[in-house]
Amino acid sequence: MPRTLKLALFALVLLGLVGGSVAWSAAQKSLTLTVDGQAREVSTHADTVGEVLEEEGLRTQSHDVVLPRPAAAVADGDTVVVNRARPLQLTVDGVTREVYVTALSVDEALDQLGYRAEDMVLSASRSERLPLDGMALSITTPKAVTLVVDGATRVVTTTAATAGDLLAEQGVTLGEHDRTSLFATQPLLNAMRLQVYRVQVTEQVVTAPIPHQTVRTDDPEAFEGDETVTRPGVDGEQATTFRVTVTDGVETAREQLNTTVTRPAVDEQVSIGTKERPAPEPSTSGLDWDALARCEAGGNWSINTGNGYYGGLQFNQSTWLSNGGGQYAQYPHQATREQQIDIGERLYAARGASPWPHCGRHL
């Protein structure tokens, strides 16, 4: 090959290399890349934001913020901003949910989430940095809670997380049986009502009588109608134990535990006469006892008015017994007409008509 031709080809190749280098250099861009607030300069031949991030080894997630958008074209001098999202296990007043923030600190996260009150109680310092893999954060906000204790009702503002925390904060001590309207572990919400029920459980013993029984026994030696108490009856006594529950001063439950006989009852023994009574002697005095009975008792031989006088002839008890009426019956009105007349004859023989000052004239 002629030398002149070789020189011409060499010059042509050299020109291509120089022109390519100039073109490559002309296509290079200088960008500012800011990742999580940290800025640095990068050089790139990428045409879009997504290509720039790929060159830099940044893989973004769905919650990350990329400005401009990944499909946007880039030019020399542009700025690309990437704020990577951090997951937060956020618990607010006992309610937990997962959220994503691009904040770099707890304080920034609170601002992004709209929690700006200064008197909140946090599980982490406001200045604590948020790691890329996230963290758990608890927030307790101030709440107005109606507290009812020992008959007093008041509204307290608290950042206590649970009902139990509020009672501890307010110095309220629960007794063994005391109850509350909310579980101790129940998270507090604004406008809640927490009531403490003071409960006392005691055992109470109540005594009650046991009525005695009456045992009747026939007595062939006593006249019919006669009843004699040979042994008085005595009521017994039993003690019943109750478990009594009193809530805020009012009895709310009573449970019977056991019953014990502390004194047994004693049966009353009564003898009943079965011997036939002797027939009264027929009256030979010629006195009109029926007329006397009509005047004294309206002719009713079995009357008992309750005034201490009995039967058709209105005997009192002592007169009846002292003149032998006990052989017929314990009380005059329990005896027959003839038996009452028999005792009347005896009384008349001893005292005349004086025992019947108003009606004796009818005899």
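From a predicted model like this one, the values you see are computed outputs, not experimental measurements.

### A look at the overall build of the protein
So, point 1. In terms of helices and strands, the protein carries seven helices and 20 strands.
So, point 2. For the protein, whose C-alpha radius of gyration is 58 Å, the value lies well above the compact-globule estimate of 21 Å for 363 residues.
So, point 3. Across its three principal directions, the C-alpha atoms of the protein cover 200 × 45 × 35 Å.
So, point 4. Looking at the 363 residues of the protein, the share that counts as buried comes to 33%.
So, point 5. Counting only contacts in the protein whose residues sit at least 6 apart along the sequence, the fraction spanning at least 24 positions is 52%.
So, point 6. Of the roughly 21500 Å² that the protein leaves accessible, carbon and sulfur atoms contribute 52%.
So, point 7. Side chains of the protein carry 29 positive and 46 negative charges; the gap between the two charge centres is 7 Å.

### Some points on the packing of aromatic side chains
So, point 1. On inspection of all chains with the given rule, the structure shows four aromatic pairs.
So, point 2. Taking the centre distance of 6.5 Å and the plane angle of 85° together, the rings of W289 and Y348 count as edge-to-face. Of this pair, W289 sits in helix α5 (residues 289–297) while Y348 sits in helix α7 (residues 337–351), placing them 59 residues apart in sequence.
So, point 3. Centroid distance Y310 to Y331: 5.3 Å. Interplanar angle 55°. Geometry classified as tilted. Of this pair, Y310 sits in strand β19 (residues 309–310) while Y331 sits in the loop between α6 (317–322) and α7; the two residues are 21 residues apart in sequence, bridging distant segments of the chain.

### So, the sheet that holds strand β13 (residues 199–210)
So, point 1. Read across the sheet, three strands follow the order β13-β16-β17 without closing on themselves; strand pairing throughout is antiparallel. Across the chains shown, the open sheet's two edge strands, defined by having one partner strand only, are β13 and β17 (250–263). In this sheet, neighbouring strand axes are inclined to one another by 20° on average, regardless of whether the strands run parallel or antiparallel.
So, point 2. Looking at chain direction, β13 and strand β16 (residues 236–247) are connected through 12 bridges and run antiparallel.

### Remarks on the sheet that holds strand β7 (residues 121–122)
So, point 1. The mixed open sheet is built from four strands, whose spatial order is β6-β5-β8-β7. The open sheet has two edge strands, β6 (95–101) and β7, and neither has a second partner.
So, point 2. Examined bridge by bridge, strand β5 (residues 86–92) and β6 share seven bridges and lie antiparallel to one another. Residue pairing across strands places T91 opposite T96, the latter belonging to β6.

### Concerning the state of the cysteines
So, point 1. Applying the stated criterion across every chain, the model contains one disulfide.
So, point 2. A disulfide bridge connects C295 with C359, and the sulfur atoms are separated by 1.9 Å. Around the S-S axis, the bridge from C295 to C359 shows a dihedral of about -65° and counts as left-handed. Of this pair, C295 sits in helix α5 while C359 sits in the segment after α7, and the two are 64 residues apart along the sequence.
So, point 3. Given a relative accessible area of 6%, C359 falls into the buried group.

### Concerning the nonpolar core
So, point 1. If you look at the biggest cluster of nonpolar residues, it comprises 17 residues, and the most contacted ones within it are W289, L292, L313, F315 and W356.
So, point 2. Elements that contribute at least two residues to this core include exactly α5 and α7.
So, point 3. Apart from residues lying up to four places away in sequence, W356 is in contact with W289, L292, E296, L313, F315, G344, L347, Y348 and L363.
So, point 4. Core analysis: the second largest hydrophobic core is formed by 16 residues, V92, V106, M120 and L130 among them.

### Here we look at unusual backbone geometry
So, point 1. Note the cis peptide between L67 and P68, where omega equals -10°.
So, point 2. Topologically, P68 is positioned in the loop between β3 (65–67) and β4 (79–83).
So, point 3. Of note in this structure, D248 is not a glycine but carries a positive phi near 50°.
So, point 4. The residue D248 is located in the loop between β16 and β17 in this model.
So, point 5. Even without a glycine there, the phi angle at Q314 is positive, about 55°.

### Side note on the UniProt feature "domain: G5" (unreviewed entry) in the protein
So, point 1. In the UniProt entry, the feature "domain: G5" (unreviewed entry) is given for residues 196–276.
So, point 2. Structurally, residues 196–276 is divided into 0% helix and 78% strand, and its ends, taken at the C-alpha atoms, are 78 Å apart.

Criteria and thresholds
- Each chain carries its own residue numbering, running from 1 in the written order of its sequence.
- Predicted model: local features are reported for residues with pLDDT of at least 70 only, side-chain atom pairs are reported and counted for 80 or more only, and whole-chain, interface and lining totals are derived from all residues.
- Remark: hydrogens and water are excluded; side-chain values derive from all non-hydrogen atoms of the structure.
- Counting from the N terminus, the helices are DSSP H or I runs at least four residues long and the strands are E runs at least two residues long.
- Using C-alpha atoms as the atom set, the radius of gyration is obtained and then compared with a globule rule of 2.2 Å times the number of residues to the power 0.38.
- Exposure categories follow from relative accessible area, calculated using a 1.4 Å probe and restricted to protein chains: below 20% of the type maximum is buried, above 50% is exposed, and the middle band is partly exposed.
- Every residue pair with non-hydrogen atoms within 4.5 Å of one another is taken to be in contact.
- What sets the accessible areas is the Shrake-Rupley method with a 1.4 Å probe; for residues, cover comes only from the shown protein chains.
- Asp and Glu count as negative and Lys and Arg as positive, but His and the ends of the chain are not part of the count.
- By convention, the charge on Lys lies at NZ, on Arg at CZ, on Asp at CG and on Glu at CD.
- Paired rings are identified among Phe, Tyr and Trp, the last through its six-membered ring, by centres lying within 6.5 Å, and are further divided according to the angle between planes into stacked (under 30 degrees), edge-to-face (over 60) and tilted (the rest).
- Note: two strands are recorded as paired if DSSP finds a minimum of 2 bridges between them.
- Axis angles are defined between N-to-C directions and span 0 to 180 degrees, where every axis is a line fitted to C-alpha atoms and, for a helix, only to the segment in contact.
- Throughout, a disulfide means two cysteine sulfur atoms within 2.5 Å of one another.
- Buried Ala, Val, Leu, Ile, Met, Phe, Trp, Tyr and Cys residues that are joined via side-chain atoms within 4.5 Å together make up what is termed a nonpolar core.
- UniProt positions are given in the numbering used here, feature names are shortened, and annotations may be inferred rather than shown by experiment.

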